[in-house]
Amino acid sequence: MALLHQFRMEKGSVTYRSFLQSDTKANTVHNRIVISEFGTLALPDPCKNVFQRFMSKFKFLIVTDNTSVNYVKYKGDYYVSIETNFMNKVDIETLEKIEKVDWSQFIAVNGATAHPHSDPDGTAYNMGNSYGPHGSCYNIIWVPPEKVDLGDTIHGAQVICSIASAESLKSSYYHSFGMTKTYIIFIEQPLKMNLWKIGTSKIRGKAISDGISWEPQYNTRFHVVNKHTGQLLPGRYCSKPFVTFHQINAFEDQGCVVIDLCCQDNGRSIEVYQLNLREAGKGLDQVYNSVATSYPRRFVVPLHVSLNAPEGGNLSPLSYSSASAVKQADGKIWYTYENLHPEDLEKEVGVEFPQINYGQFSGKKYRFFYGCGFRHLVGSLINVDMMNKTLRVWREDGFYPSEPVFVPVPGTSEEDGGIILSVVITPNQHKSNFLLVLDVKNFEELGQAEVPMQMPYGFHGTFIAT
């Protein structure tokens, strides 16, 4: 269940609070799963008779509001979000839930990502799927920057572009998307959602995740949309199959879109939801080794490819990147990536949960990003210099850091002028969890704020200056 954490730093001291409030608390109240999640299935009430338990399989699947993935911001308000149609608006001071907001009450989507993007003026963009008799669509969502009325949530949201799925009954799963000053970049990957399997999961006694599968017979497709006009760039743009959960950054340069992603060649990482994480010793090593490795890669997408462009040549004009875009005989543009990491990153077993200096460098050419090394799940924090192909690492044996949150030094324009915050947990009952503070430039520790209580691992976080 979603547990919100808050560390408040004020006048040299740090205080901690946590709060939990969602309908999914019913699972705890009833001491069994009564609301299905991504990897778990609601169980019939054991107090009912056999017929009643059988008929309960034919009731509609209750959509979870267990908003456990990310803090997001719309119109100055903060929400905790997952990938269903529900978000929970929260009081950022007390962490109490103010209101449950349903995307489908405002626009025709069946959910939205937990990774929206925003422009400097507060205009927000997101993506969500819709399903109908003619198949599924990927929808780009625009949310205005300001409220009209005090009680506004996502009022005024609009779908500005709909992209038809390449396979009508098998839409692609996606967790995030890229954005530049002008364009939205959507990656349609061969991690497929079988709509029939998902729709019948309760009847079949399966979790929702059973309907998602890695199908590498399909290529990965790139879609580029002008976010100001809603126009989809014509043409077919493909690469070899890969899976991405988190984009790092994207920007425009010399008539191209450059997009950087954390990529996996094996999309079976979704099966981690069926793994037994209570294993120890060799069994636990098997769990670790089953998780696909994610590495940072760069793709270059030329925006204006002439119908008369020659076949076989690299269409990218960017001398600083080895990524290529080559026109094929069938008219498709085939992308080949550039690796953004040094060989040292392989010792950390890849990187995920990437972060940048978002406030100043989102949608712009940049040099640094920060993430978590996945040696034995999440074992380190990493600072990657993509220009020099070097990295710095923070690690402490037996401790597991969360996503690094970049906090800029007030008044600086330096890309790496700031600190990193990360919540670090340990299963060792004789040691404390703590909030870690690192100097971004040298990645050396500036301090820790210990929390003498148990804390679950969290995915994403945000910093709010007060």
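Higher on the page you've got the structure.
Residues numbered from 1 in each chain as written. Predicted model: local features only at pLDDT ≥ 70, side-chain atom pairs only at ≥ 80, totals over all residues. Heavy atoms only, no water.

(A) Spatial organisation of the overall build of the protein. Secondary structure assignment for the protein yields six helices and 32 strands. Expressed as a percentage of its 466 residues, the buried residues of the protein come to 50%. Carbon together with sulfur atoms contributes 52% to the accessible area of the protein, which is approximately 22400 Å² in total. (Helix = DSSP H or I, 4+ residues; strand = E, 2+ residues; numbered from the N terminus. Buried < 20%, exposed > 50% of the residue type's maximum accessible area, 1.4 Å probe, protein only. Areas by Shrake-Rupley, 256 points an atom, 1.4 Å probe, with all protein chains shown as cover.)

(B) How the structure looks around the pattern of salt bridges. Across all of its chains, the model carries 16 salt bridges by this definition. For Asp-77, the salt bridge identified is with Lys-89, shortest N-O distance 3.3 Å. With Asp-77 in strand β4 (residues 77-81) and Lys-89 in strand β5 (residues 86-90), this residue pair connects regions lying 12 residues apart in the sequence. With its nearest N and O atoms 3.8 Å apart, the salt bridge here joins Arg-221 to Glu-188. With Arg-221 in strand β16 (residues 220-226) and Glu-188 in strand β13 (residues 183-188), this residue pair connects regions lying 33 residues apart in the sequence. For Glu-188, a relative accessible area of 1% gives the class buried. Connected via shared salt-bridge partners are Arg-8, Glu-10 and Glu-93. (Salt bridge = Lys/Arg side-chain N within 4 Å of Asp/Glu carboxyl O.)

(C) View of the layout of surface pockets. By volume, the second largest pocket amounts to about 1500 Å³. As for the second largest pocket, its lining consists of 49 residues, and the residues nearest its centre are Pro-116, Ser-118, Tyr-358, Gly-359 and Thr-462. If you list the elements that add at least two residues to the lining of the second largest pocket, you get β3 (70-74), β7 (117-118), β18 (243-253), β24 (351-355), α6 (358-361) and β29 (405-408). Per-class residue counts for the lining of the second largest pocket are 21 nonpolar, 21 polar and seven charged. (1 Å grid on protein atoms, 1.4 Å probe; cavity = no way out; pocket = protein on both sides within 12 Å on 5 of 7 lines; lining within 4 Å. Points joined across faces, edges and corners; volume = space filled by probe spheres on them. Nonpolar A, V, L, I, M, F, W, Y, C, P; charged D, E, K, R; others polar.)

(D) Quick look at the nonpolar core. Core analysis: the biggest nonpolar cluster contains 20 residues, and Tyr-366 and Phe-369 have the highest contact counts within it. Contributions of two or more residues to this core are made by β18, β19 (256-264), β20 (295-302) and β26 (380-385). Looking at this core element by element, the count peaks at three residues for β19. Setting aside anything within four residues of it in sequence, one finds Tyr-366 in contact with Ile-248, Asn-249, Phe-251, Asp-260, Arg-298, Ile-356, Phe-361, Met-386 and Glu-415. By size, the runner-up hydrophobic cluster in this structure holds 19 residues, among which are Leu-233, Ile-259, Leu-261 and Leu-303. (Core = buried A, V, L, I, M, F, W, Y, C linked by side-chain atoms within 4.5 Å. Contact = heavy atoms within 4.5 Å.)

(E) Inspection of the environment of Leu-261 at higher detail. Relative to the elements of secondary structure, Leu-261 occurs in strand β19. For the pair Leu-261 and Ile-248, spaced 13 residues apart in the sequence, the C-alpha separation amounts to 5.3 Å.

(F) Looking closely at the sheet that holds β4. Read across the open sheet, the four strands follow the order β3-β4-β5-β6; overall the sheet is antiparallel. Sheet topology places β3 and β6 (97-102) at the edges, where each strand pairs with a single neighbour. The average undirected angle you get between the axes of adjacent strands in this sheet is 35°. The sheet contact formed by β3 and β4 spans five bridges and is antiparallel. Across the sheet, residue Tyr-71 finds its bridge partner in β4, namely Val-80. (Pairing = 2+ DSSP bridges. Axes fitted to C-alpha atoms, helices over the stretch in contact; angles between N-to-C directions.)

(G) Looking closely at empty space enclosed by the protein. A full pass over the atoms with the stated rule returns two cavities of 30 Å³ or more. Of the pockets and cavities examined, the second largest cavity occupies roughly 60 Å³. Forming the walls of the second largest cavity are 13 residues, and the residues nearest its centre are Ser-176, Phe-177, Ile-187, Thr-244 and Leu-261. Among the elements of the structure, β13, β18 and β19 are those that each provide at least two residues to the lining of the second largest cavity. Per-element tally for the lining of the second largest cavity: the top contributor is β18, with three residues. When its residues are assigned to classes, the lining of the second largest cavity shows seven nonpolar, six polar and no charged.

(H) Focus on the side chain of Thr-153. Tracing the chain through its elements places Thr-153 in the loop between β9 (135-143) and β10 (158-164). Not counting residues within four places of it along the chain, the set of residues in contact with Thr-153 comprises Lys-75, Tyr-79, Glu-99, Val-101 and Phe-106.

(I) Spatial organisation of the packing of aromatic side chains. For the structure on display, the rule yields 17 aromatic pairs. Look at Tyr-370 and Phe-406: their rings are 5.7 Å apart centre to centre, the planes differ by 20°, and that puts the pair in the stacked class. In this pair, Tyr-370 is assigned in strand β25 (residues 368-373) and Phe-406 in strand β29, connecting sequence segments 36 residues apart. Taking relative accessible area as the criterion, Tyr-370 reaches 1% and is therefore assigned buried. Across from the ring centre of Phe-86, 4.6 Å away, lies the NZ or CZ of Lys-100, which sits over that ring. Sitting above the plane of the Tyr-218 ring, Lys-192 keeps its charged end 4.9 Å from the centroid. (Phe/Tyr/Trp six-rings, centres within 6.5 Å; stacked < 30°, edge-to-face > 60°. Lys NZ or Arg CZ within 6 Å of the ring centre and 35° of its normal.)

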